[in-house]
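# Examination of the molecular architecture
If you want the building blocks of each chain, they are given just below.
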Amino acid sequence: MEFAELIKTPRADNAVLHRPFHPTVEGTLCLTGHHLIFSSRRQDNEEELWLLHSNIDCIEKRFLGSLGSIVIKCKDLRIIQLDIPGMEECLNIASSIEALSTLDSVTLMYPFFYRPMFEIVEDGWSAFLPEKEFEVLNSVVSCFLSFILSICIYVRRSLRLRVLRLCFLIWDYLFPQVMMRSSQPLTGTNGRRCKEDEKLVNATLRPGKRGYIIDTRSLNAAQQARAKGGGFEQEVYYPQWRRIHRCIERFNILQESLIKLVEACNDQSHNMDRWLSKLEASNWMTYIKEILTAACLAAQCIDREGASVLVHGTEGTDSTLQVTSLAQIILDPDCRTIQGFESLLVREWLQAGHPFQQRCAQSAYSNSKQKLEAPVFLLFLDCVWQILHQFPCSFEFNEHFLVTLFEHAYASQFGTFLGNNENERSKLKLQQKTMSLWSWVNQPKELKNFQNPLFEANSLVIWPSVAPQSLQLWEGVFLRWNRPSRFLDEAEEEMKKIVDYNRFLQDKVNSMRKQIMEKETEDRIDRMDKMDRMDKMDEMDEMDEMDEMQENP
């Protein structure tokens, strides 16, 4: 299929662009295979807008006489309006945009056509390979060998049973306290056992030690799952493990929550009380609290109880990843650095099989029927922002980094978030045919835009508060298109200047302290030399007196 077949009208002159808090701009609208491009015609106000078709969630058409308007609602939550003279032109452009923004084939998406204009310093595809990550564990490899060997043996024995789940050991905290994640056990209504699974799970516990299983479903949902072949761990078969249920919502409930939240944020006609009521009705902040509470529980079991933790829900690719990732951020200072956080996303989300292609197919505006869409990753990023907001000096990255990840998860020129699992990415040959997001992010020029100027390395465990007054709406995502950003940008620049000036003063203080210490050392040496000279003079005087006494007895 050629993109030209989908573009009925490639260009429209005298179009007008409307955006909140921006002046109206007149110019030319062009459609390409992957971009909507708007270019202003005024020489004194040159402006261009490049919008990926894959970033378009839905469009609405409006007509007033011969003038047509297209309202474009994007997956990054912004809304723009284009006024196009001529009803036929407007209909053709709207039809073209709808076709180009809903391509069925992944290989027709922009990452397969994108050619970077920057120098590739680091290949992002090979930056976080499992082999490299495993090298970090070289000092404790011997502790894991028996565990890994047991996995291989149990899997081999149980392939025919089709009831064994793989438990992934994802993080060690002074081994043998470990964190694992998995899917649910397939016990079914008959309460089937899998002795290999029991041995596998128990292999991480020392004799006499207990572990915790955190199930991200309610007890009722876990019991209902048995009717579909799923289930949960029976205490009689896992006597060393205590099961705790922490209900985290999934799929359509989360998607509906996002839709209600964005609707509330875009509706500026209500007074404060009604707006807060709509915000509360979306339950978004409630889900933030539930996820953070479960993550704090997992971290507490490891850090305070000295116990191992197994986290799972149903498939182990959604709420499970939210909990295990946030628990690692709470416990491990390395996960709060830029490189460490990127590594966390690769192993806990991409390699773990979170279905980005399905979950991020739609955002908050789409009118099509919901299937498997859910803002699972956005909820996770929101939770990370909540912790960052409470501990602003403990993270190397800033809010802009999290917002960038949100944008690229839904629409990107990079292939990092394409596909639903590693198998699909391998078949699509993403490493050979597309560019990794990390290749762009980790450039020194770009990296400085994502660095937190307040960062000071903190090796301690950080415990976020989940009290209602401690959790805030993430304005940087949900309100950034509904308010002027100039003052926020100015405030951020002023903060950077203050931080830079503070560092300059600190360096000056350190330099002066060094000079004072050097001066004190010199004075001390001078005093010692003076005292030595005086002592020698006293000795010489005493010797002269003794000589005189001997000469004149």
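Going by an unreviewed UniProt entry, the chain carries the name Myotubularin-related protein 9 and comes from Chrysolophus pictus. Quoted straight from UniProt, the Sequence similarities (unreviewed entry) entry for the chain says "Belongs to the protein-tyrosine phosphatase family. Non-receptor class myotubularin subfamily."

### Regarding helix H4 (residues 195-202)
Note on helix geometry: an α-helix contains 3.6 residues per turn, so any two residues three or four positions apart are oriented the same way. The buried fraction of H4 amounts to 6 of the 8 residues, a majority that puts the element mostly inside the structure. All buried positions along H4 are accounted for by Glu196, Asp197, Glu198, Leu200, Val201 and Asn202.

### A few points about helix H12 (residues 376-390)
Between its terminal C-alpha atoms H12 stretches 22 Å, which fits the 21 Å expected from 15 residues at 1.5 Å a residue. Most of H12 is tucked away, with 13 of its 15 residues classed as buried.

### Concerning the packing of aromatic side chains
Under the counting rule described, the total for this entry stands at 23 aromatic pairs. Ring centres of Phe356 and Phe377 lie 5.1 Å apart, and the angle between their planes is 75°; on these two criteria the pair is classed as edge-to-face. In this pair, Phe356 is assigned in helix H11 (residues 356-359) and Phe377 in helix H12, connecting sequence segments 21 residues apart. Judged by its relative accessible area of 3%, Phe377 is buried.

### Things to note about the pairing of strand E10 (residues 211-215)
Judged by how many residues are buried, E10 sits mostly within the fold: 5 of 5 residues are covered. Residues Gly211, Ile213 and Asp215 of E10 are buried on one face, and the alternating residues Tyr212 and Ile214, pointing to the opposite face, are buried as well. Bridge count for E10 against strand E11 (residues 241-245) is 5 bridges, and the pairing is parallel. Residue pairing across strands places Ile213 opposite Arg243, the latter belonging to E11. Read from E10 through helix H5 (residues 219-225) to E11, the crossover connection turns out right-handed. One ladder, built from 5 bridges, connects E10 with strand E12 (residues 308-312); its direction is parallel. Considered in E12, the bridge of Tyr212 is made with Val309.

### Details of a negative patch on the surface
The grouping of Glu518, Glu522, Asp526, Asp529, Asp532, Asp535, Asp538, Glu539, Asp541, Glu542, Glu545 and Glu548 at the surface amounts to a negative patch. For Asp541, the position within the fold is in helix H19 (residues 486-551). Note on Asp541: relative accessible area 42%, which makes it partly exposed.

### What about the sheet that holds strand E2 (residues 25-31)?
Overall, antiparallel pairing links the 7 strands, which are arranged E4-E3-E2-E1-E7-E6-E5 in an open sheet. The open sheet has two edge strands with one neighbour each: strand E4 (48-52) and strand E5 (56-64). Averaged over all pairs of adjacent strands, the angle between strand axes in this sheet comes to 30°, irrespective of strand direction. Bridge count between E5 and strand E6 (residues 67-74): 8 bridges; the pairing is antiparallel. Bridge assignment links Glu60 to a residue of E6, and that residue is Val71. Its contacts with the sheet put helix H1 (residues 87-100) on strand E1 (11-18), E2, strand E3 (35-40), E5, E6 and strand E7 (79-85), and the angle it makes with E5 is roughly 170°.

### Focus on the side chain of Asn452
Mapped onto the fold, Asn452 is located in the loop between helix H17 (444-447) and helix H18 (475-478). Side-chain polar atoms of Asn452 contact the backbone oxygen of Pro392, separated by 2.7 Å. One polar contact links the side chain of Asn452 to the main-chain carbonyl oxygen of Phe395, over a distance of 2.9 Å.

### Observations regarding the pattern of salt bridges
Per the stated rule, a full pass over the model turns up 16 salt bridges. Its salt-bridge partner being Glu98, residue Lys61 comes within 3.8 Å of it at the nearest N-O pair. One end of the pair, Lys61, is in strand E5; the other, Glu98, is in helix H1, and 37 residues separate them in sequence. What makes Lys61 partly exposed here is its relative accessible area of 39%. For Glu98, a relative accessible area of 35% corresponds to the partly exposed category. Ionic pairing is found between Arg181 and Glu348, a salt bridge with its closest N-O pair at 3.2 Å. A residue pair is termed long-range when its members are at least 10 positions apart, and Arg181 in strand E9 (residues 178-182) and Glu348 in helix H10 (residues 338-350) qualify at 167 residues. No difference in accessibility class separates Arg181 from Glu348, as the two residues are buried.

### Let's talk about the nonpolar core
Counting residues in hydrophobic clusters, the biggest one holds 95 residues, and the most contacted among them are Leu326, Phe341, Phe380 and Phe478. Broken down by element, this core gets its largest block of residues, 14 residues, from helix H8 (residues 284-303). Sequence-distant contacts of Phe341, defined by excluding residues within four places in its chain, comprise Ile329, Asp334, Cys335, Phe380, Leu381, Val384, Phe397, Phe401, Leu402 and Leu405.

### Quick look at the environment of Ile80
Inspection of the secondary structure assignment puts Ile80 in strand E7. Look at Ile80 and you get buried, because its relative accessible area is 4%. Taking C-alpha positions, Ile80 is 5.9 Å from His18, a pair spaced 62 residues apart along the chain. If near-sequence neighbours (up to four positions away) are discounted, Ile80 is found in contact with Leu17, His18, Arg19, Leu49, Leu51, Ile70, Val71 and Ile72.

Definitions and cut-offs
- Residues numbered from 1 in each chain as written.
- Predicted model: local features only at pLDDT ≥ 70, side-chain atom pairs only at ≥ 80, totals over all residues.
- Heavy atoms only, no water.
- UniProt positions renumbered as here; feature names shortened; annotations may be inferred.
- Buried < 20%, exposed > 50% of the residue type's maximum accessible area, 1.4 Å probe, protein only.
- Helix = DSSP H or I, 4+ residues; strand = E, 2+ residues; numbered from the N terminus.
- Expected span 1.5 Å × (residues − 1).
- Phe/Tyr/Trp six-rings, centres within 6.5 Å; stacked < 30°, edge-to-face > 60°.
- Pairing = 2+ DSSP bridges.
- Right-handed = clockwise from strand over helix to strand, strands pointing away.
- Patch = residues over 30% accessible without salt bridge, like charges linked within 9 Å, V, L, I, M, F, W, Y side chains within 5 Å.
- Areas by Shrake-Rupley, 256 points an atom, 1.4 Å probe, with all protein chains shown as cover.
- Salt bridge = Lys/Arg side-chain N within 4 Å of Asp/Glu carboxyl O.
- Lys, Arg positive; Asp, Glu negative; His and termini not counted.
- Charge placed at Lys NZ, Arg CZ, Asp CG, Glu CD.
- Axes fitted to C-alpha atoms, helices over the stretch in contact; angles between N-to-C directions.
- Contact = heavy atoms within 4.5 Å.
- Polar contact = N/O pair within 3.5 Å; in protein donor to acceptor, adjacent residues only side chain to side chain.
- Core = buried A, V, L, I, M, F, W, Y, C linked by side-chain atoms within 4.5 Å.

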